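Okay, here's what each chain looks like letter by letter:
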Amino acid sequence: MVDSTMSDADKIRQKRLAKLGGAPSAAPTQAGDPSAESNLTPATSSTPIPQASQEASKQSPPANGTANPFTQLGMKQEQEAEKKAAPQIKIRPRPDAPRPRSRTRETESLEVWQDRNMRAVFRVTLQPEDVKDSHGHQLAFLTSTRDDLEESSQPLLLNTEILEGAITEAASKAPRGKPFEYLLSCFKRVSRGLREGRFSGDVDAKRTILKEAQRLCMSYCIFAVTMPEMFGENVSPVNPLVDHLLQEPESDFGICTDFLTEAKNRMEEEDGMKEALIGAAEELSRQLASLDLNGNYRNHVVALRNLVRFKEIAAVITESPMFAPKHVAAQDIETQTLLGPFFRLSPMQLEVAKNYFSSPKTRDRNFIASAQNALRMTLREHQDQLAMLAEVIVKSSPAARERMLDWFALCVNKNQKKRAMRVDYKTVSSDGFMLNVTNVLDRLCDPFMDAQFGKIDRIDANYLRRQPRVDISEETKINADQKTADAFYGQEVEGTNNFISEVFFLTVASHHYGTEAAQERLQIMRKSVKRLEQDLASMEGDREKFASDPRYLARYEQALAKYKEQVDDTWSLIHSTYGVLCDDVSQARSMQFMRYVIVWILRLASGQNVPQQALQLPLPEEQPDVFKCLPEYFLEDIVDNFKFIVGNIPHIITPQQSEEIVQVCVTFLRNTEYVKNPGVKSGLVTILYYGVQPYSRNSSRGLLGDLLISSPFAHKHLLHALMKFYIEAESTGTHTQFYDKFNIRYEIFQVIKCIWVNTMYRENLAKEARINTDFFVRFVNMIVNDVTFVLDESLTAFTKINELTTEVNSPSFAALDEDQKKEKTELLEDQKGKAKSYMSLTRESMETLILFTEALPEAFTMVEVVNRLAAMLDSNLNILVGDKRANLIIVNPQEYKFDPKALLQDIVKVFINLSGRDLFVNAIATDGRSYKPENFHSAAKLMTEKVYMAPEEINAWNNLGQKVAEHAANLAQEEEDLGEPPDEFLDPLMADLMTDPVILPSSKTTIDRGTIKSHLLSDATDPFNRAPLKLEDVIEDAEMKRRINEWRQERLAARRAEKEAAAAAADAGGGEAMDTSQ
């Protein structure tokens, strides 16, 4: 039986020796000269000491010096025996004399010391009667090792020569069938002895023995991980490193620094060490994939952090095939890559969000704000750990750094669908995961983002032409079509990409697919939850339909509960997502990065050394290809990031960042031809609009208002930039462009109102009118168009509301069927919605019109716009003070912010601002559709009795009314004198007598110059055949003009002669002259 066992042991031993690839002894390690003996003694209860040990103990009494925790193990029985046998004589030494040493251990042989310490380290015995040591630890009886010693006639003492067999036998008997756990505890004991113990005698030999024991412990720990079958059939094949990594490092069974240090040092010589560490990291990742922030996730994060503290181990972990597999799907990155589960942890996971925001609809703002603060603290702590992991891996080795960058590239490239028109969130990574990726990349950029932009030239513009990690092949470019971009990027540039460029471009892409995608989803969820709540209210109203049938009622209640849960879940996610996105620490870091993106973009577009040199506008006419072919998200990220921050947490923006925000907004609004996407350009306006909105009591002009008023750069370029995009917004190219333009122009009006206090902007407006006349006329025309439209829509909506409200409240409404009632009710709500929207635009449009007509009345009385402006004012004056003004009476006008008195006052102010211009007076008088003298009288009465305007304004109004009435009478007389003009002299569009006829080159139609100029302001085509047309292309029709003038002169001369003849006849005959005009 023994022979068979020994034979098996020999085979295992040979296998171990082949695996170790060297002699069982290790080179001695030099140490200092200790003053006391190492103390790893295996104290036993009721254990006779072996013969050789007994002899040694008789020769040398036990030592009396200070020792480590193992000092007295195994010696308790001996000391007790000696105390009983020896007389109790106490000798008190002199106070200053050193305490005499005991000579018991001084003559202890190295063999006995080795046996004692090996038994203490491995908690084993060669005596079958030994069961526990003096501390109560179970001892393993090494049957095979004892038999081996007896057969070779050796003393029953453990030594390093037979230690391998002893370790194998002891590990095979490990408690709970866990050899690695046993061997790890042995390793920790011997390491503690080496680290804390003090030795006497042959110090080097003793340290050599312990070092060899430590080496063998480590080797067999590796075997326990890589070859667990050598310790028995019942040993689990699962990598045991993981369970111990998850424990406290300094606990009995935790992976300590000494173990990892030894593992790091032996990775090259031990074939299985790398695989064991990689396997442990992979298993940590797999376990963490099933946890969230509600669970015990921290142990897994700390475990990986402890591993990567050693750069050699960090580098090895990146060699795992699980680290960055190329063919993993986007939705699986966060569970099937090694780092994915660590970056996946986020408060934005549904179960975590529900934990922070349970019953969200019942919570008040204070509770929600407190919960958001709590989740931000948790996430910051976790993101600190993630940043540390990434930083250590990046610094561990060049190869590991490349693999880390590969993983980041995998995250962004696989998630391009997160910015699709309709996102299937089951096929992309979660928002929480991508936000963590973005946060860590932001931190990796910190070292090169200095305040002086000293390293900005290290960001290589040719990165995307040099086999980049970031895939932009399917991305829309800033101002280039796909063919142009493909041709540009098809010309590769030689060289290698530096780390700064790699991280910079990865971070920009990560913001696009991470932070900005999360902001977009937050908006979607807010819209979605509104619809859900409407549907829920509708469902609750249907309860009576099912109340009579218990079967259907149960199903109804089940469906209703499910709907309520869906609403609550959505609100929990909204609060959680908003809380994460409004983390001022994370967003401040993001702002700092975006500041670099802004400056880099401006340098690229302008070709100027910004910020060392002041930016000069306009930008060059020839756009750099490297700028045109950049992904559109470079600008889109800037816009989306600043829109969110300025709109939600503006206090984190610094003055320096504000200046750069203004620069990028003004630059690309001033040079809109540099950017293709109107949505991006409108986003620049939105940033300025949010920037002038008050966000606290001490910021009446918002974040950017004071800067826009005082900045020389803004003085020079802002007004022109706003006017230019105001015109461009007429056609955005989207299916919602008609409504988009009003939102854009509303925001532009707000910015203009803010800056108008600086008279320099008024001077700039006059300068635009003088120098860029055509440009300015187009701008004014758009204002007139907008005011005309919104006023008409608003007042028409109020008329409809009045009619529908009267109808709904009438007795006849009750006689209608349900469908008819529903139709009427929905129509009424639709009109109310339109009235609210258009009324806001009306107020802003009128305020802007008042500001501009007061500052520059001549610009608004140009022939191209004056007739339409006068017609618009006459029409709305007629609605407000005419016979049908009662139709504007509605219930609760405050709901729509409708104040008829204020609106009348605004219209009157525009009239008065332009009253000194003869062309305006003429335009009012010739408005045959809406001009009525009595409207001026009615308005004057209201101004006196209800509107309460200043006396000088009332006088100006009355004077204007009188001038218009006189001019209208003169025109009527002149029209009567001319009679009916020939059709060929009439304008084909306006049916008025032409004064300056021109020929359109394409259709050959003769039309009045003023008419075609007005038409071209909003439509650059020939109105008769839709061919492209410019004003400079029209041909003056001198012949037609001559004929019209001759006809006019002849008719007026003839009419004058008739009048004179009639007057002479009347004088001669003394009677009434006969009318000969017919």
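Conventions used here
Here the residue numbering is sequential within each chain, running from 1 through the sequence in written order. It should be noted that, the model being predicted, local features are given only for residues of pLDDT at least 70 and side-chain atom pairs only at 80 or more, the latter also being counted only at that level, while totals for whole chains, interfaces and linings use all residues. Hydrogens and waters are ignored; side-chain quantities use all the structure's heavy atoms. A pair is scored as a salt bridge if a Lys or Arg side-chain nitrogen falls within 4 Å of a carboxyl oxygen belonging to Asp or Glu. Numbering of helices and strands runs from the N terminus, with a helix taken as a DSSP run of H or I at least four residues long and a strand as a DSSP run of E at least two residues long. For each residue, the accessible area found with a 1.4 Å probe, counting protein chains only, is set against the maximum for its type, and the residue is called buried under 20%, exposed over 50%, and partly exposed in between. Throughout, a residue-residue contact means that at least one pair of heavy atoms, one from each residue, lies within 4.5 Å. When we speak of the arc, we mean the arc of directions from the helix axis to the C-beta atoms. Joining through side-chain atoms within 4.5 Å is the link that ties buried Ala, Val, Leu, Ile, Met, Phe, Trp, Tyr and Cys residues into a set, and such a set is a nonpolar core. What counts as a ring pair is set by centres within 6.5 Å for rings of Phe, Tyr and Trp (its six-membered ring), and what kind of pair is set by the plane angle: stacked under 30 degrees, edge-to-face over 60, tilted for all other angles. By definition here, charges over rings are those cases where NZ of Lys or CZ of Arg is within 6 Å of the ring centre and within 35 degrees of the ring normal. Residues form patches when they are more than 30% accessible in relative terms and have no salt bridge. Like charges link within 9 Å. Nonpolar side chains (Val, Leu, Ile, Met, Phe, Trp, Tyr) link within 5 Å. Each accessible area is a Shrake-Rupley estimate made with a 1.4 Å probe; only the visible protein chains count as cover when residues are assessed. UniProt positions are given in the numbering used here, feature names are shortened, and annotations may be inferred rather than shown by experiment. Strands are treated as partners if at least two bridges between them are detected by DSSP. Inter-axis angles, ranging from 0 to 180 degrees, are taken between N-to-C directions of lines fitted to C-alpha atoms, where helices are fitted over the stretch in contact.

Next up on the list: the pattern of salt bridges. Taken as a whole and judged by the stated rule, the model has 55 salt bridges. Arg1009 serves as the salt-bridge partner of Asp996, at 2.7 Å between the closest nitrogen and oxygen. Here Asp996 is found in the loop between α41 (951-978) and β3 (997-999), whereas its partner Arg1009 is found in helix α42 (residues 1009-1018), with 13 residues between them in sequence. A salt bridge links Arg1042 to Glu1046, with the shortest nitrogen-to-oxygen separation between them at 2.7 Å. Taken together, the residues span about one helical turn, with Arg1042 and Glu1046 both in helix α43 (residues 1038-1069) at a distance of four residues. For Arg1042, a relative accessible area of 38% gives the class partly exposed. What makes Glu1046 partly exposed here is its relative accessible area of 34%. Via salt bridges that share partners, Glu402, Asp406, Arg469 and Glu502 belong to a single interconnected network.

Further remarks concern the side chain of Ser794. By the element assignment, Ser794 lies in helix α34 (residues 773-808). When sequence neighbours within four positions are dropped, the list of residues in contact with Ser794 reads Tyr838, Met839 and Thr842.

Below, the discussion takes up helix α20 (residues 482-489). Of all the residues in α20, the buried ones are Ala485, Phe488 and Tyr489. The arc enclosing the buried residues of α20, seen along the axis, measures out at 90°, which places them on a common side.

The next point concerns the nonpolar core. Core analysis: the largest hydrophobic core is formed by 292 residues, its most contacted members being Phe122, Phe259, Trp407 and Phe668. With 15 residues, the top contributor of residues to this core is α34. The residues contacting Phe122, other than those within four sequence positions of it, are Leu163, Ile167, Tyr182, Cys186, Arg189, Ala213 and Cys217. Judged by nonpolar contacts, the second largest core, of seven residues, contains Val998, Leu1000, Leu1016 and Val1034.

Across the chain, the bulk of peptide bonds are trans and the bulk of non-glycine residues have phi less than zero. Here the amide bond leading from Val610 into Pro611 is cis, since omega sits at 5°, within 30 degrees of zero. Counting through the fold element by element, Pro611 comes out in the loop between α25 (584-606) and α26 (625-628). Backbone torsion omega between Leu617 and Pro618 reads 0°, so that peptide bond is classified as cis. In this structure, Lys897 takes a positive phi of about 55° despite not being glycine. On the accessibility criterion, Lys897 (56% relative accessible area) is exposed. Even without being a glycine, Arg1026 presents a positive backbone phi close to 65°.

The full count for this structure, using the stated rule, is 48 aromatic pairs. On the numbers, 6.1 Å between centres and 90° between planes, the contact of Phe180 with Phe259 is edge-to-face. With Phe180 in helix α7 (residues 179-196) and Phe259 in helix α10 (residues 257-265), the pair connects residues that are 79 residues apart, well separated along the chain. Like Phe259, Phe180 is buried. Within the aromatic cluster, the residues linked to one another by ring pairs are Tyr463, Phe504, Phe505, Tyr513, Phe593, Trp600, Tyr633 and Phe634. The ring of Phe367 has Arg363 lying over it, and the distance from NZ or CZ to the ring centre is 4.2 Å. For Arg745, the ring lying beneath its charged end belongs to Tyr726, and the centroid distance is 4.5 Å.

Taken together, the side chains of Leu989, Met990 and Phe1024 make up a nonpolar region of the molecular surface, amounting to roughly 280 Å² of accessible area. By the secondary structure assignment, Leu989 is in the loop between α41 and β3. Residue classification places Leu989 among the partly exposed positions, given a relative accessible area of 42%.

This part covers the UniProt feature "coiled-coil region" (unreviewed entry) in the protein. The sites that UniProt annotates as "coiled-coil region" (unreviewed entry) are residues 515-549. Secondary structure across residues 515-549 divides into 89% helix and 0% strand, with the first and last C-alpha atoms of the span separated by 50 Å.

Reading across from one edge, β4-β3-β5 is the order of the three strands in this open sheet, with antiparallel pairing throughout. The open sheet is flanked by β4 (1006-1008) and β5 (1035-1036), the only strands paired with a single partner. Relative to β4, β3 is paired through three bridges, and the arrangement is antiparallel. For Pro997, the partnering residue across the bridge sits in β4 and is Asp1008. On top of the sheet, α42 reaches β3, β4 and β5; it is set at about 85° to β4, its chief contact.

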